[in-house]
Amino acid sequence: MKKTLIHTSPKEALLIAALIVATMGVTIIGFKWVPHLAIILVLCGLMMFGFARRVCFKAMQKQMAEGVMSGIGAIYLFFFIGLLVSALMMSGAIPTLMYYGFGLISADYFYLSAFLLTAVTGVAIGSSLTTCATIGVAFIGMTEAFHANPAITAGAIVSGAFFGDKMSPLSDTTGIAASIVCIDLFEHIRNMMYTTVPAFILTALLFVLFADPSAANLNSITAMKTQLLSSGLVHGYTLIPFAVLVILALRKINAIYTIIATVATALIITYIHSSPSISDIGGWFFAGYKPAADLGQTGSLLSRGGIQSMFFTQTIVILALSLGGLLHALGILPALLEGIRHLLTTTGRATLSVAATALGVNVLIGEQYLSLMLAGETFKPVYDKLQLHPRNLSRTLEDAGTVINPLVPWSVCGVFISHALDVPVIDYLPYAFFCYLCLLLTLLFGFSGLTISKKEKA
């Protein structure tokens, strides 16, 4: 998406961007529309703008298609995540984790437990979405028994999962941020610790403050454990697929190959403790796993997964990527980015501009990767001019790009997580402390000069 079809002035681009944000805000938050409709409405408006500027429809369509192709890997990955969740349910991996979780997790520090466990898992597998769809789903399943607040629990899950996504060498976003500015991956991760570690500690302390010793109803916990046991899915060996997932991820095996191996292992485990027909397996993989026995409220928690559950997310990814391609093709994004370059004369201004751009792309397009790529490519020359080491840029990209995406209701991560956890983004947003603490700390360090490194003289 290097070439633009028309020239758009910065003022014109700013007006269009404001209209897009207003349209999405009013339709999604005010009218309760699904994000798909809001994005389609914006796409229609942009195509009318292109038509008024005499841009050929086929040219716009081509640029939208190229935008989709830039994220085709993520679209395919969602199919496999749907299969993975079904496989981990039918094999008993998630039910067993939930069962043991009831016994190991302190009710007094339930939110802290959710944050810490998802953080460890996120670092191990390098995927925030997979973490939310597995460990996150398990914790959401425990909220009723612990009389926990689902919104706070989801905030803890999102905080932990995106800590892992940000700090894992296996993470796509971590690799993209480092590669955009051409620095070593582990140098990038080490430099991120200056903002990430304080944000992690502060988040943990905040979740400790939410501890409520009187919240847990042990009778409810016992009832849910009994229902889980009666499902016939709870066995210690069913955690083997989780072990396969983590080990292959640590060995840097491709995510899809890792998921395929995990699903294959889960299928073997499934046939050890039950004998489903091939027809049952196919139905579960497509429509999601559904336990045969009546398990009461626990049954609804175990009825998840399937590639069908991914269609909502996949279609919004396609639309979001199309929007990104069209915004670039009509010169709107390039004009917005070019219009502020001349203001960047200090480290603080540069940091603020990068953060605002990454955040703005997340809000405008809802796409995590584009927020990193567009902001990174635009501001590399600015950091060179100010003699700032590129690792400062890559850190800010992650602090304002990677971790902000789940806070946008119509974003790829926001839509996926809200549906996986069944908690709206607006509900968990106030409690996703880690995400906006990273943004605040990167701005603080940018203006104060703390942890900002200069280029080494040749």
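Residues numbered from 1 in each chain as written. Predicted model: local features only at pLDDT ≥ 70, side-chain atom pairs only at ≥ 80, totals over all residues. Heavy atoms only, no water.

J.: Help me understand the nonpolar core in this model?
T.: Where a protein is soluble and globular, its nonpolar side chains tend to be buried together. In this structure, Leu46, Met142, Leu330, Phe416 and Ile417 are the most contacted members of the largest nonpolar core, which totals 143 residues. Residues lining this core come from more than one domain, with at least three contributed by each of domain 1 (10–71 + 313–411) and domain 2 (73–308). What Leu330 contacts, discounting residues up to four positions off in sequence, is Ile6, Thr8, Leu46, Phe49, Gly50, Val55 and Met60. Ranked by size, the runner-up nonpolar core spans five residues in total, among them Ala124, Ile125, Leu245 and Ala249. (Core = buried A, V, L, I, M, F, W, Y, C linked by side-chain atoms within 4.5 Å. Buried < 20%, exposed > 50% of the residue type's maximum accessible area, 1.4 Å probe, protein only. Domains from an automatic or database assignment. Contact = heavy atoms within 4.5 Å.)

J.: It is not clear to me how the domain arrangement of the protein should be interpreted in this structure. Could you clarify?
T.: A common way to report how large an interface is uses the accessible area buried once the components associate. Taken domain by domain, the protein comprises domain 1 (10–71 + 313–411) and domain 2 (73–308). Tallying the contact residues gives 26 residues for domain 1 and 23 residues for domain 2. When the buried surface of domain 1 facing domain 2 is broken down by residue, Gln314, Arg395 and Glu398 rank first, second and third, together holding 27% of it. On the surface where domain 1 and domain 2 come into contact, there are two salt bridges. Between Arg391 and Glu187 there is a salt bridge, and its shortest N-O distance comes to 2.5 Å. Where domain 1 touches domain 2, the interface holds eight residue pairs in polar contact (both at pLDDT 80 or more). For the side of domain 1 that touches domain 2, the secondary structure elements donating two or more residues are α16 (311–329), α19 (368–385) and α20 (390–402). With nine residues, the single largest contributor to the side of domain 1 that touches domain 2 is α20. The class makeup of the residues in the side of domain 1 that touches domain 2 is 11 nonpolar, nine polar and six charged. (Buried area = accessible area lost by both parts, 1.4 Å probe. Salt bridge = Lys/Arg side-chain N within 4 Å of Asp/Glu carboxyl O. Polar contact = N/O pair within 3.5 Å; in protein donor to acceptor, adjacent residues only side chain to side chain. Helix = DSSP H or I, 4+ residues; strand = E, 2+ residues; numbered from the N terminus. Nonpolar A, V, L, I, M, F, W, Y, C, P; charged D, E, K, R; others polar.)

J.: Would you mind showing me how to read the environment of Gly348 here?
T.: Tracing the sequence through the fold places Gly348 in helix α18 (residues 347–365). Note on Gly348: relative accessible area 5%, which makes it buried. The spacing of Gly348 and Leu15 is 333 residues in sequence and 26 Å in space, taken between C-alpha atoms. In this structure Gly348 touches Gly446 and Phe447, once residues within four positions along its chain are discounted.

J.: Explanation requested: the side chain of Asn191 in the structure shown.
T.: Looking at the element boundaries, Asn191 is found in helix α10 (residues 185–209). Setting aside anything within four residues of it in sequence, one finds Asn191 in contact with Arg391, Asn392, Arg395 and Thr451.

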